[in-house]
Amino acid sequence: MNKLTFSMFAVASLILPGLVSAQATPRIDQRQENQEKRIDKGVASGKLTQKEAARLEKGQEQVQKAEDRAMKDGKVTKQEKRSIEHTQDVQSKKITRQTQDKQKAKSKSE
């Protein structure tokens with residue numbers, strides 16, 4: 001094996017574990033994506049005002065920051081995962097509450 005091949009193999013062996021750990025929270029990531037879609041759908045349908053959507057987006061950012069902190073050491077512990085999922089539960093309830101309240105976004109014709 002020549003030096004270049006060996007070097008490429010060594011670099012790949014260092015990078016791949018990082019890539020795998022970056023995908024260690026697919027359930028959290030999928031749920032995050034679903035909640036973002038719910039917010040977008042609420043805005044599009046007029047069920048969420050811009051102010052409500054901004055507040056909900058800020059909550060989603062907090063969930064992402066919690067996930068980023070948990071991933072900092074390369075592994076999400078069960079306790080960190082539970083904490084993130086709890087935060088997502090809270091956010092989900094807020095999204096539901098805001099989309100089902102009687103406030104409507106004003107249409108451009110109003």
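For the structure itself, consult the block above.
Quick summary incoming for the structure in this document. These figures come from a predicted structure and were not determined experimentally. (Residues numbered from 1 in each chain as written. Predicted model: local features only at pLDDT ≥ 70, side-chain atom pairs only at ≥ 80, totals over all residues. Heavy atoms only, no water.)

## Thoughts on the pattern of salt bridges
Here's step 1: If you walk through the whole model with that rule in mind, you get three salt bridges.
Here's step 2: Here Asp-89 and Arg-31 are joined by a salt bridge, their closest N and O atoms 2.7 Å apart. One end of the pair, Asp-89, is in helix α4 (residues 78–100); the other, Arg-31, is in helix α2 (residues 26–45), with 58 residues separating them in the sequence.
Here's step 3: Owing to a relative accessible area of 34%, Asp-89 belongs among the partly exposed residues under this scheme. (Salt bridge = Lys/Arg side-chain N within 4 Å of Asp/Glu carboxyl O. Helix = DSSP H or I, 4+ residues; strand = E, 2+ residues; numbered from the N terminus. Buried < 20%, exposed > 50% of the residue type's maximum accessible area, 1.4 Å probe, protein only.)

## Things to note about the packing of α2 against α4
Packed helix pairs are characterised by how far apart their axes lie and by the angle those axes make with each other.
Here's step 1: The geometry of α2 relative to α4 is characterised by a closest axis approach of 11 Å and an angle of 15° between their N-to-C directions. Comparing the axis directions of α2 and α4 gives the class roughly parallel. As for the relative orientation of α2 and α4, their crossing is left-handed in sense. Within the contact between the two elements, α2 uses Arg-27, Ile-28, Arg-31, Gln-32, Gln-35, Arg-38, Ile-39 and Gly-42 and α4 uses Lys-81, Ile-84, Glu-85, Gln-88, Asp-89, Gln-91, Ser-92, Ile-95, Thr-96 and Thr-99.
Here's step 2: Residue composition of the contact of α2 with α4, grouped by class: four nonpolar, eight polar and six charged. (Axes fitted to C-alpha atoms, helices over the stretch in contact; angles between N-to-C directions. Parallel < 35°, antiparallel > 145°, perpendicular 65-115°, else oblique. Left-handed = near helix turned anticlockwise from the far one by under 90°. Contact = heavy atoms within 4.5 Å. Nonpolar A, V, L, I, M, F, W, Y, C, P; charged D, E, K, R; others polar.)

## Some remarks on the side chain of Gln-32
Here's step 1: When you line up the elements, Gln-32 lands in helix α2.
Here's step 2: Accessibility expressed as a relative area gives 7% for Gln-32, which makes it buried.
Here's step 3: Those residues within four positions of Gln-32 in sequence are excluded, and the remaining contacts are Gln-60, Val-63, Gln-64 and Gln-88.

## As for α4
Here's step 1: Taking 1.5 Å per residue as the helical rise, α4 with its 23 residues ought to reach 33 Å, and the 33 Å between its terminal C-alpha atoms agrees with that figure.
Here's step 2: Every buried residue of α4 is listed here: Ile-84, Glu-85, Gln-88, Gln-91, Ser-92, Ile-95, Gln-98 and Thr-99.
Here's step 3: Of the surrounding elements, those touching the buried residues of α4 are α2 and α3 (50–71). (Expected span 1.5 Å × (residues − 1).)

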